[in-house]
Amino acid sequence: MKTFLLFTSFLYLWAQNMNDMNKKLQAHSAIFLANTIFGLGVPVTKLLLDEWVTPMGYMASRSLGACILFWIIAAFMPKEHVERKDLITILFGGLLGFVISQSLTAWALDYTSPVYFSLIATLTPVAVMLCAALTIGEKITSMKSLGVLLGIAGAVLMVLMSQSLGSGKNDLIGISLAILSVLTWAIYLIITRNVASKYSPVTQMKYVFLISAIVTVPIAIPELPVNALYTAAWGWDGVLEMAFIVVCATALGFFLIPFAMKYLQATTVSIYTNLQPVIASFVAILLGQDILTWDKPVAGVLVLLSAYIVTVVTAKEK
């Protein structure tokens with residue numbers, strides 16, 4: 001009898017361990033897929049801006065499409081009551097973190113290459129740390145300072161070399177807009193981090209994209225005649241590219257990341273974000289949207305090392 005109990009206990013523990021391992025494997029797969037999609041989203045956005053839509057046309061399409069998707073999904077999920085003050089925070093976050101930040105992203109990609117943009121976007125952890133230090137007094141350690149300096153060095157290198165080696169129509173403006181986009185996104189993360197833990201991603205995103213659609217669609221309507229995607233010159237390439245941005249790079253990504261966060265540490269999740277510039281750069285160069293010059297891998301090493309120090313090394317110090 002004792003042998004049987006020991007054996008069944010062993011089987012239970014083994015099954016539980018395998019279940020946890022499977023969930024962690026699924027979580028790793030989810031975060032890998034999410035960052036692959038986000039990385040692909042950069043050159044796809046560039047294709048859309050070059051051929052099919054204006055920056056505001058892109059924003060309105062993405063906002064309205066994601067809004068419809070999230071409200072449909074929410075209709076099949078348990079309804080969450082959102083407190084009024086939290087709703088105001090979510091709506092304000094939508095204006096700041098999506099309308100403003102993503103509009104800056106679209107304009108940045110209209111001026112510079114996907115490679116430069118994706119490298120700047122990698123500095124998000126650094127931007128969050130700096131904004132947290134300024135707004136909520138978060139302490140900056142010596143290691144964090146080193147991370148910031150490396151990130152700044154990478155950004156400065158891109159700015160300087162873009163004047164002679166850049167392939168965008170105005171890389172300096174594009175890089176500057178990308179930096180503003182990252183800073184705006186960082187502020188959004190800080191403002192909404194308390195609310196984010198209280199409600200499901202679907203509940204938050206349906207309001208974020210609702211306010212985004214309300215703001216961007218009226219602005220974009222006068223531009224419709226110059227958006228080829230919405231004229232007789234439309235093509236399936238443009239439709240499929242926009243569908244990828246709305247369905248995959250927006251809706252699917254917001255499902256995969258919260259799932260991964262349940263089973264993986266934040267530092268582990270943050271490491272996967274380093275896939276984005278690698279994938280975006282590889283695809284952009286493959287599509288002929290950019291050329292490989294010596295400054296890009298050097299700047300890439302600097303900003304990736306900066307993000308690693310700020311997110312991983314400093315986390316181990318706590």
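Above this note sits the structure.
So, a few notes on the structure that sits alongside this text.

### Considering the packing of helix α4 (residues 114-121) against helix α11 (residues 275-286)
So, point 1. Interaxial distance between α4 and α11 falls to 8 Å at its minimum, and their mutual angle equals 175 degrees. On the basis of the axis angle, α4 is roughly antiparallel to α11. Residues Pro114, Val115, Ser118 and Leu119 of α4 form the contact with α11, whose own contacting residues are Pro277, Ala280, Ser281, Ala284 and Ile285.
So, point 2. Grouping the amino acids of the contact of α4 with α11 by side-chain chemistry returns seven nonpolar, two polar and no charged.

### Topic: the side chain of Ser181
So, point 1. By the secondary structure assignment, Ser181 is in helix α7 (residues 171-196).
So, point 2. The residues touching Ser181, leaving out its near neighbours within four places in the chain, are Ser101, Leu104 and Thr105.

### A word on α11
So, point 1. For α11, built from 12 residues, the straight-helix expectation of 16 Å at 1.5 Å per residue is met to within 8% by its first-to-last C-alpha distance of 16 Å.
So, point 2. What α11 keeps buried is the set Pro277, Ile279, Ala280, Ser281, Val283 and Ala284.
So, point 3. Once α11 ends, the next one or two residues include Gly288, with phi positive near 80 degrees.

### Brief notes about the pattern of salt bridges
A side chain of one charge can pair with a side chain of the opposite charge if their charged atoms are brought near each other.
So, point 1. Across all of its chains, the model carries five salt bridges by this definition.
So, point 2. One salt bridge connects Lys198 with Glu83, and the closest N-O pair in it is separated by 3.8 Å. One end of the pair, Lys198, is in the loop between α7 and α8 (201-220); the other, Glu83, is in the loop between α2 (55-75) and α3 (84-111), and 115 residues separate them in sequence.
So, point 3. Look at Lys198 and you get partly exposed, because its relative accessible area is 41%.
So, point 4. Relative accessible area serves as the criterion here: at 35%, Glu83 is assigned to the partly exposed category.
So, point 5. Linking Asp86 and Lys198 is a salt bridge whose minimum nitrogen-to-oxygen distance equals 2.7 Å. With Asp86 in helix α3 and Lys198 in the loop between α7 and α8, the pair connects residues that are 112 residues apart, well separated along the chain.
So, point 6. Connected through salt bridges with shared partners, the residues Glu83, Lys85, Asp86 and Lys198 form a single ionic network.

### Side note on the nonpolar core
So, point 1. Residues Val53 and Tyr58 are the most contacted members of the largest nonpolar core, which totals 69 residues.
So, point 2. With near-sequence residues (within four places) excluded, Tyr58 lies in contact with Thr45, Leu48, Leu49, Val53, Ala106, Met242 and Ile245.

### Here's the deal with the packing of α2 against α3
In a packed pair of helices, the relevant descriptors are the angle between the two axes and the axis-to-axis distance.
So, point 1. At a closest axis distance of 9 Å, the pairing of α2 and α3 adopts a crossing angle of 135 degrees. In this view, α2 runs oblique relative to α3, as classed from their interaxial angle. Pair α2 / α3 crosses with right-handed handedness. Contact residues: α2 offers Pro55, Met56, Tyr58, Met59, Arg62 and Ser63, while α3 offers Phe98, Val99, Gln102, Ser103, Ala106, Trp107 and Asp110.
So, point 2. Tallied by class, residues from the contact of α2 with α3 come to eight nonpolar, three polar and two charged.

### Observations regarding a nonpolar patch on the surface
So, point 1. On the surface, Leu64, Ile68, Ile72 and Phe76 cluster together to form a nonpolar patch covering roughly 440 Å² of accessible area.
So, point 2. By the element assignment, Leu64 lies in helix α2.
So, point 3. For Leu64, a relative accessible area of 39% gives the class partly exposed.

Cut-offs used in this document
- Residues numbered from 1 in each chain as written.
- Predicted model: local features only at pLDDT ≥ 70, side-chain atom pairs only at ≥ 80, totals over all residues.
- Heavy atoms only, no water.
- Axes fitted to C-alpha atoms, helices over the stretch in contact; angles between N-to-C directions.
- Helix = DSSP H or I, 4+ residues; strand = E, 2+ residues; numbered from the N terminus.
- Parallel < 35°, antiparallel > 145°, perpendicular 65-115°, else oblique.
- Contact = heavy atoms within 4.5 Å.
- Nonpolar A, V, L, I, M, F, W, Y, C, P; charged D, E, K, R; others polar.
- Expected span 1.5 Å × (residues − 1).
- Buried < 20%, exposed > 50% of the residue type's maximum accessible area, 1.4 Å probe, protein only.
- Salt bridge = Lys/Arg side-chain N within 4 Å of Asp/Glu carboxyl O.
- Core = buried A, V, L, I, M, F, W, Y, C linked by side-chain atoms within 4.5 Å.
- Left-handed = near helix turned anticlockwise from the far one by under 90°.
- Patch = residues over 30% accessible without salt bridge, like charges linked within 9 Å, V, L, I, M, F, W, Y side chains within 5 Å.
- Areas by Shrake-Rupley, 256 points an atom, 1.4 Å probe, with all protein chains shown as cover.

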